[in-house]
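As a plain string of letters, each chain reads:
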Amino acid sequence: MFNIYQPQKAKIISLNTESTDTKLFRLALTDKKNQKEFNFLPGQFVQIGLPGWGECPISFASSPHQSDKYFELAIRKVGQLTGQLSELKKGDLVDIRGPFGNGFDADLFKDKPLVLVGGGCGFVPLRPLIMDYLADKMENTVLQIFYGCKNEDTLLFKKEHASWNRQAELNVILEKPSSKWAGKKGLITDLFKNRVITSNSIAVLVGPPLMYRFVIAELKKRQITDENIYLSLEKKMYCGVGVCQHCAIGPYYVCKDGPVFRWSDIKDINNII
Ligand code: FES
């Protein structure tokens, strides 16, 4: 068993441009035995780094069911390290530590209608759950996906949308689309209008904290219990390794105790969303 705290070299197997500022990296640890043992839950993250540029936490974008061969990370160019990462090519090496955090345990969602709500680049950790659902790993569930984004340029995984919509219910809305956009325009909460969501649903939310307040209000209107609402507070993470204390919320550190929390466990913490 390898040490999750020790950086390991991973090779870029392929790269796909997802949006104007985001690339999807498919990576495999250079140590084949370690890659075979590699495993994670949707919602967990790794530290990705480059020598001399530091490291940053990035959530998994692929399904754990391929984790013995590879894993994928959607990396958005927002700073010096991610800028350097975005310049890399197929075959280049990066440092990987992890996986870290708790993630979404798919077993909890079995046999329940599943509602996934993603805002902006926060949508990434939902892709592994969708992939598992489509691969029939979550039997007897109904899947509804709600995805709000700024515009077409920042919309992720566009090539997969048609397939998702054939096998589940995909609802996409853009805040400021171009005149060519034929879909819905507005805020993510607009997608909930006239939408039937049953009260026994499990809801998983990933996105900016402000989105959570309004989406949770919509879910409560449909009598979904606080115990059945899961959210990722990954946006609150900075160092990702329990050092900087930026992610402290009430008695928890998001990077160590989360980033996934049940709403019932954190809703009484002041200014949590
Ligand atoms: S992100 Fe730094 S302590 Fe959690």
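Residues numbered from 1 in each chain as written. Predicted model: local features only at pLDDT ≥ 70, side-chain atom pairs only at ≥ 80, totals over all residues. Heavy atoms only, no water.

**Section: helix α3 (residues 126-134)**
- In terms of burial, α3 is largely enclosed, as 7 of its 9 residues are buried.
- Three or more residues of α3 are buried, namely L126, R127, P128, L129, I130, D132 and Y133.
- The inward-facing, buried residues of α3 abut β2 (22-29), β5 (71-76), β7 (114-119), β8 (143-149), α4 (158-167) and β11 (202-206). (Buried < 20%, exposed > 50% of the residue type's maximum accessible area, 1.4 Å probe, protein only. Helix = DSSP H or I, 4+ residues; strand = E, 2+ residues; numbered from the N terminus. Contact = heavy atoms within 4.5 Å.)

**A few points about the sheet that holds strand β3 (residues 45-50)**
- The strand order β4-β3-β6-β1-β2-β5 describes an open sheet built from 6 strands, whose pairing is antiparallel. In this open sheet, the two edge strands, each paired with only one partner strand, are β4 (54-59) and β5. Each strand of the sheet is rotated relative to its neighbour by a mean of 40°, with strand direction disregarded. (Pairing = 2+ DSSP bridges. Axes fitted to C-alpha atoms, helices over the stretch in contact; angles between N-to-C directions.)

**Re the side chain of H161**
- Inspection of the secondary structure puts H161 in helix α4.
- Its relative accessible area of 11% is what places H161 among the buried residues.
- Here the side chain of H161 touches F157 through a polar contact of 3.3 Å, landing on its backbone oxygen.
- Non-local contacts of H161, meaning those with residues more than four positions away in its chain, are made with Y147, L155, L156, L170 and V172. (Polar contact = N/O pair within 3.5 Å; in protein donor to acceptor, adjacent residues only side chain to side chain.)

**Things to note about the packing of aromatic side chains**
- Taken as a whole, this structure holds 13 aromatic pairs when the rule is applied.
- Here F40 and F60 contribute two aromatic rings whose centre-to-centre distance is 3.6 Å and whose plane-to-plane angle is 5°, an arrangement assigned as stacked. In this pair, F40 sits in the loop between α1 (32-37) and β3 while F60 sits in the loop between β4 and β5, placing the two residues 20 residues apart along the sequence.
- Taking the relative accessible area as the measure of exposure, F40 reaches 4% and is therefore buried.
- Judged by its relative accessible area of 0%, F60 falls in the buried class.
- Here the aromatic residues F38, F40, F60 and F71 are joined through ring pairs into a cluster of three or more. (Phe/Tyr/Trp six-rings, centres within 6.5 Å; stacked < 30°, edge-to-face > 60°.)

**Let's talk about the nonpolar core**
- Judged by nonpolar contacts, the single largest core of 62 residues is most densely connected at V117, V204, L205, Y212, L233 and I266.
- Viewed by domain, this core spans two of them, domain 1 (8-99) and domain 2 (106-266), each represented by three or more residues.
- With residues near it in sequence (within four places) discarded, L205 still touches V117, Y212, V215, I216, L219, I229, Y230, L231 and S232.
- Among the nonpolar cores identified, the runner-up in size contains 21 residues, and F40, I75, L88 and V94 belong to it. (Core = buried A, V, L, I, M, F, W, Y, C linked by side-chain atoms within 4.5 Å. Domains from an automatic or database assignment.)

**A few points about the domain arrangement of the protein chain**
- Split by domain assignment, the protein chain resolves into domain 1 (8-99) and domain 2 (106-266).
- For domain 1 and domain 2, the distance between their C-alpha centroids amounts to 22 Å.
- Each side of the interface is counted separately: domain 1 has 23 residues, and domain 2 has 25 residues.
- Between domain 1 and domain 2 lies a buried interface of about 1,800 Å² when both sides are counted; carbon and sulfur atoms form 59% of it.
- Considering only the side of domain 1, the residues that lose the most area to domain 2 are E18, P42 and F45, jointly responsible for 25% of the buried surface there.
- The interface formed by domain 1 and domain 2 holds 1 salt bridge in total.
- Here E72 makes a salt bridge to R127, at a shortest N to O gap of 2.8 Å.
- Along the contact surface separating domain 1 from domain 2 lie 8 residue pairs in polar contact (both at pLDDT 80 or more).
- Those elements that provide at least two residues to the side of domain 1 that touches domain 2 are β2, β3, β4 and β5.
- With 3 residues, the single largest contributor to the side of domain 1 that touches domain 2 is β5. (Buried area = accessible area lost by both parts, 1.4 Å probe. Salt bridge = Lys/Arg side-chain N within 4 Å of Asp/Glu carboxyl O.)

**A look at helix α5 (residues 209-221)**
- Its 13 residues give α5 an end-to-end C-alpha distance of 19 Å, which sits within 8% of 18 Å, the value for a rise of 1.5 Å per residue.
- Residues of α5 that are buried include every one of M211, Y212, V215, I216, E218 and L219, and no others. With its buried residues spanning 155° around the axis, α5 presents them on a single face. Along α5, exposed side chains directed more than 90 degrees from the buried face belong to L210 and K221.
- Where α5 is buried, its residues contact β7, β11, β12 (229-232) and α7 (263-266).
- A positive phi of about 65° marks Q223, the residue just after α5. (Expected span 1.5 Å × (residues − 1). Arc of directions from axis to C-beta.)

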